[in-house]
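Structural description and commentary
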Amino acid sequence: MTIETDIASMLDEYVMAGLGESVVLAGVDRISGVFDSAFIDALGVESVTPVFITRSETLDELDTAHGDTLDRADGTRYLIRGIEPDGTGVTVLRLERQS
(Lines give C-alpha, C1' and ligand atoms only; values in the text may rest on other atoms or scores of the structure.)
Protein backbone atom coordinates (compact mmCIF):
# COMPACT_ATOMS: atom_id res chain seq x y z
CA MET A 1 0.00 0.00 0.00
CA THR A 2 1.10 3.55 -0.66
CA ILE A 3 0.85 6.36 1.85
CA GLU A 4 -1.95 7.85 -0.28
CA THR A 5 -3.94 4.62 -0.01
CA ASP A 6 -3.31 4.37 3.74
CA ILE A 7 -4.39 7.96 4.42
CA ALA A 8 -7.45 7.72 2.17
CA SER A 9 -8.46 4.49 3.92
CA MET A 10 -8.08 6.06 7.38
CA LEU A 11 -9.99 9.14 6.19
CA ASP A 12 -12.90 6.95 5.12
CA GLU A 13 -12.86 4.76 8.19
CA TYR A 14 -12.50 7.32 10.96
CA VAL A 15 -13.06 10.88 9.83
CA MET A 16 -15.89 10.46 7.33
CA ALA A 17 -17.75 8.06 9.62
CA GLY A 18 -17.73 10.52 12.49
CA LEU A 19 -17.60 13.96 10.89
CA GLY A 20 -18.44 13.43 7.24
CA GLU A 21 -21.31 15.01 5.38
CA SER A 22 -22.79 14.09 2.03
CA VAL A 23 -23.07 16.95 -0.49
CA VAL A 24 -24.04 17.32 -4.14
CA LEU A 25 -21.16 18.32 -6.43
CA ALA A 26 -21.95 20.30 -9.59
CA GLY A 27 -25.65 19.53 -9.21
CA VAL A 28 -25.17 15.87 -10.09
CA ASP A 29 -22.76 13.73 -8.05
CA ARG A 30 -23.07 12.97 -4.34
CA ILE A 31 -19.73 12.95 -2.48
CA SER A 32 -18.68 12.81 1.18
CA GLY A 33 -16.31 15.07 3.03
CA VAL A 34 -15.85 17.33 6.04
CA PHE A 35 -16.75 21.02 6.19
CA ASP A 36 -14.40 23.28 8.13
CA SER A 37 -13.25 26.89 8.29
CA ALA A 38 -9.72 27.81 7.29
CA PHE A 39 -7.77 30.85 8.42
CA ILE A 40 -6.35 33.03 5.61
CA ASP A 41 -3.87 35.91 5.83
CA ALA A 42 -3.67 37.60 2.44
CA LEU A 43 -1.47 40.70 2.33
CA GLY A 44 -2.14 41.38 6.00
CA VAL A 45 -5.91 40.94 5.76
CA GLU A 46 -7.07 38.11 8.00
CA SER A 47 -10.20 36.14 7.26
CA VAL A 48 -11.87 32.77 7.68
CA THR A 49 -13.18 30.91 4.65
CA PRO A 50 -15.26 27.72 4.36
CA VAL A 51 -13.48 24.62 3.11
CA PHE A 52 -14.55 21.09 2.23
CA ILE A 53 -12.06 18.25 2.74
CA THR A 54 -12.47 15.07 0.72
CA ARG A 55 -10.62 12.32 -1.15
CA SER A 56 -8.57 13.49 -4.12
CA GLU A 57 -9.45 10.34 -6.07
CA THR A 58 -13.16 11.19 -5.95
CA LEU A 59 -12.59 14.72 -7.26
CA ASP A 60 -10.26 13.48 -10.01
CA GLU A 61 -12.84 10.92 -11.18
CA LEU A 62 -15.49 13.66 -11.42
CA ASP A 63 -13.24 16.22 -13.16
CA THR A 64 -13.92 18.77 -10.43
CA ALA A 65 -13.07 22.33 -11.51
CA HIS A 66 -13.01 25.88 -10.21
CA GLY A 67 -16.52 27.30 -10.46
CA ASP A 68 -18.28 23.99 -9.71
CA THR A 69 -20.85 24.09 -6.92
CA LEU A 70 -21.33 22.15 -3.67
CA ASP A 71 -24.85 21.94 -2.23
CA ARG A 72 -25.46 21.01 1.41
CA ALA A 73 -28.61 19.26 2.62
CA ASP A 74 -29.72 22.50 4.33
CA GLY A 75 -29.86 24.24 0.93
CA THR A 76 -26.62 26.22 1.29
CA ARG A 77 -24.71 26.45 -1.98
CA TYR A 78 -20.96 27.06 -2.28
CA LEU A 79 -18.82 27.89 -5.29
CA ILE A 80 -15.44 26.16 -5.53
CA ARG A 81 -12.75 28.87 -5.59
CA GLY A 82 -9.67 26.76 -4.90
CA ILE A 83 -8.64 23.12 -5.29
CA GLU A 84 -5.67 22.15 -3.11
CA PRO A 85 -4.53 18.52 -3.24
CA ASP A 86 -2.04 17.84 -0.43
CA GLY A 87 -0.20 14.94 -2.06
CA THR A 88 -1.49 12.36 0.44
CA GLY A 89 -4.80 11.54 -1.26
CA VAL A 90 -6.74 14.36 0.38
CA THR A 91 -7.90 17.62 -1.26
CA VAL A 92 -9.10 20.82 0.36
CA LEU A 93 -11.70 22.76 -1.64
CA ARG A 94 -11.74 26.48 -0.81
CA LEU A 95 -15.33 27.68 -1.03
CA GLU A 96 -17.38 30.85 -1.40
CA ARG A 97 -20.90 30.82 0.05
CA GLN A 98 -23.57 31.60 -2.55
CA SER A 99 -26.83 31.23 -0.60
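Procedures and definitions
Residues numbered from 1 in each chain as written. Predicted model: local features only at pLDDT ≥ 70, side-chain atom pairs only at ≥ 80, totals over all residues. Heavy atoms only, no water. Core = buried A, V, L, I, M, F, W, Y, C linked by side-chain atoms within 4.5 Å. Buried < 20%, exposed > 50% of the residue type's maximum accessible area, 1.4 Å probe, protein only. Helix = DSSP H or I, 4+ residues; strand = E, 2+ residues; numbered from the N terminus. Contact = heavy atoms within 4.5 Å. Polar contact = N/O pair within 3.5 Å; in protein donor to acceptor, adjacent residues only side chain to side chain. Salt bridge = Lys/Arg side-chain N within 4 Å of Asp/Glu carboxyl O.

1. A few points about the nonpolar core
Buried together is how nonpolar side chains tend to be arranged in soluble globular proteins. Residues Val23, Leu25, Ile31, Phe35, Phe52, Leu59, Leu70, Tyr78, Ile80, Leu93 and Leu95 constitute the largest nonpolar core, which totals 11 residues. At the level of elements, strand 1 (21–25), strand 2 (29–42), strand 5 (77–85) and strand 6 (90–97) are the ones that each hand at least two residues to this core. When residues no more than four places from it in sequence are discounted, the contact partners of Leu70 are Val23, Val24, Leu25, Ile31, Phe52, Thr76, Arg77, Tyr78, Leu93 and Leu95.

2. Points about the environment of Asp68
Residue placement: Asp68 occurs in the loop between helix 2 (56–61) and strand 4 (69–71). With 27 residues separating them in the primary sequence, Asp68 and Leu95 have C-alpha atoms 9.9 Å apart. Dropping the residues within four chain positions of it, Asp68 is found in contact with Leu25, Ala26, Asp63, Tyr78, Leu79 and Ile80. Engagement of the side chain of Asp68 in a polar contact is seen with the backbone nitrogen of Ala65, the distance being 2.9 Å.

3. Considering the pattern of salt bridges
Under the counting rule described, the total for this entry stands at 5 salt bridges. Across the pair Asp71 and Arg77 runs a salt bridge, and its minimum N-O distance is 2.6 Å. In this structure, Glu84 engages Arg94 in a salt bridge whose closest nitrogen and oxygen atoms are separated by 2.7 Å. A residue pair is termed long-range when its members are at least 10 positions apart, and Glu84 in strand 5 and Arg94 in strand 6 qualify at 10 residues.

It is worth stressing that arrangement in space is one thing and function is another; only the former is reported here.
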